[in-house]
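Here is what each chain is made of, one letter per residue.
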Amino acid sequence: MVYFIRFCTILLSFGFRFLGDRKKSARQAETLIRRIELQLEGYFDKATYHKVVKSYSVYKSIVLDPFSLLHGRRISLIEQERSIHYFICSSLFDNFFDDRLLTVAEIESITFQPESYTAKSFDEKAFLLSHLFLLNGMKDTGEYLTVLRREFEAQRNSLKQFDPTVTDDEIQQITFEKGGNAVLMCRYYLDITPVPEEEDCWFTLGTLIQLSNDLFDIYKDLQDRIHTLPVRCYNAYEMEQLFLNQVGRLKSNIALLPYSGEKKQAFSIAMATTYALGITAIGQLKLLQGKADRLPHFETLPRKALIIDMEKPANRWRWIRQVYRMGNLSV
């Protein structure tokens, strides 16, 4: 009963804060994007524009603020600005790779030799502006560039996922490195000094976010012939175990954090609001498998069977139940 009351209080507070912050954060991102467009005399394409605004407005409340609240404060205005620049960089970085806008060598050059790179397109100029803003605003770029290098290598290796001969072990390593380092990079935009267990929380949350994204993208990745762990999945219960192993690692590190029990419990629930989406998606796979030994071949299923619609009340209820269950640090 004590946890139930605590959970309801935290979730309600989180929900009201999220709804209020999201609109404000969206306007903040839009303002910065427009400022960059005016400065560079160009425009982001609509998809990238909306991706940056949506990503930042959601991420600020469900990831950045919870980590900052462990240290007794919300993220500052400069930290917010850095985070928007990050989503500009990450969105354009994805475009460079996914849409083959630049060669791998050019992406490496613009990322690790930005001062000497000659930008040609608006996207390259915008990437450089945001990337240099982040680099110039850090106290120590050494560790950050190490994480960025790991993220670059994971992105480069993700091109193997178009090859049907790529192994499941390779896909898992790419998935965890790509997702884990992408989120870990964000800790360098906050003016806090995390303990090692806290850094592991950043990384592990990233692996869960990437797995969740891949679970939601099964139908799309099938059409694009991208080999992900969910696309390769033939047993929903094995996928669930892989996912729960990462959840267990995250919760173990939360329990070790040198903060009050109240802060850690609130943080655990906040983290669960993110990764419970993945558990909800796995629940749909379990329904598809039923009592069979394996899942049906995804290629034989209609689109609606592979799409997880979070607008459905039933899925929202499943998500809330999973947040309640998984957010509890004593379980």
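Model, not experiment: these values are computed from the prediction. (Residues numbered from 1 in each chain as written. Predicted model: local features only at pLDDT ≥ 70, side-chain atom pairs only at ≥ 80, totals over all residues. Heavy atoms only, no water.)

Using the criterion set out here, one finds 12 aromatic pairs in the structure. Considering the side-chain rings of tyrosine 59 and phenylalanine 87, the 5.1 Å spacing of their centres and the 75° angle between planes classify their relative orientation as edge-to-face. You can see tyrosine 59 sitting in helix H2 (residues 46-69) and its partner phenylalanine 87 sitting in helix H3 (residues 77-98), a full 28 residues away along the chain. Between tyrosine 144 and tyrosine 188, the aromatic rings sit 5.8 Å apart at their centres with planes inclined by 70°, giving edge-to-face as the arrangement. Within this pair, whereas tyrosine 144 is found in helix H6 (residues 142-157), its partner tyrosine 188 is found in the loop between helix H7 (168-184) and helix H8 (196-216), the two being separated by 44 residues in sequence. The same class applies to tyrosine 144 as to tyrosine 188, namely buried. These aromatic residues form a ring-pair network of at least three members: Tyr59, Tyr86, Phe87, Tyr144, Tyr188 and Tyr189. Between arginine 303 and the ring centre of tyrosine 219, over which it is positioned, the NZ or CZ distance is 5.7 Å. (Phe/Tyr/Trp six-rings, centres within 6.5 Å; stacked < 30°, edge-to-face > 60°. Helix = DSSP H or I, 4+ residues; strand = E, 2+ residues; numbered from the N terminus. Buried < 20%, exposed > 50% of the residue type's maximum accessible area, 1.4 Å probe, protein only. Lys NZ or Arg CZ within 6 Å of the ring centre and 35° of its normal.)

So, on to the nonpolar core. One broad rule of soluble globular proteins: the nonpolar side chains tend to lie buried together. One finds Phe44, Tyr144, Trp202, Phe243, Met271 and Tyr275 to be the most contacted residues of the largest nonpolar core, which totals 99 residues. Not counting residues up to four positions away in its chain, the partners in contact with tryptophan 202 are Val63, Leu64, Phe67, Gly180, Val183, Leu184, Cys186, Arg187 and Leu190. (Core = buried A, V, L, I, M, F, W, Y, C linked by side-chain atoms within 4.5 Å. Contact = heavy atoms within 4.5 Å.)

Let's shift gears to helix H11 (residues 236-256). Look at H11: 31 Å from first C-alpha to last across 21 residues, which is about the 30 Å you get at 1.5 Å a residue. Of the surrounding secondary structure, the elements contacted by the buried residues of H11 are H7, H8, helix H10 (229-232), helix H12 (261-289) and helix H14 (313-327). (Expected span 1.5 Å × (residues − 1).)

With that out of the way, let us pick up the packing of H3 against H6. For the pair H3 and H6, interaxial distance at closest approach is 10 Å and the crossing angle is 35°. Here the hand of the crossing between H3 and H6 comes out right-handed. Taking contact as the criterion, the partners of Phe93, Asp94 and Phe97 in H3 are, on H6, Phe152, Gln155 and Arg156. Considering only residue class, the contact of H3 with H6 consists of three nonpolar, one polar and two charged. (Axes fitted to C-alpha atoms, helices over the stretch in contact; angles between N-to-C directions. Left-handed = near helix turned anticlockwise from the far one by under 90°. Nonpolar A, V, L, I, M, F, W, Y, C, P; charged D, E, K, R; others polar.)

Now for the pattern of salt bridges. Within the structure shown, the criterion is met by 19 salt bridges. Residue glutamate 81 pairs with arginine 35 through a salt bridge whose shortest N-O separation is 3.0 Å. Placement of glutamate 81 in helix H3 and of arginine 35 in helix H1 (residues 2-40) is noted, with a sequence separation of 46 residues between them. On the basis of relative accessible area, arginine 35 is assigned to the partly exposed category, the value being 44%. Salt-bridge contacts for glutamate 311 lead to arginine 316; the nearest nitrogen and oxygen are separated by 3.0 Å. The structure contains a network of salt bridges with shared partners spanning Glu108, Arg149, Glu153 and Arg156. (Salt bridge = Lys/Arg side-chain N within 4 Å of Asp/Glu carboxyl O.)

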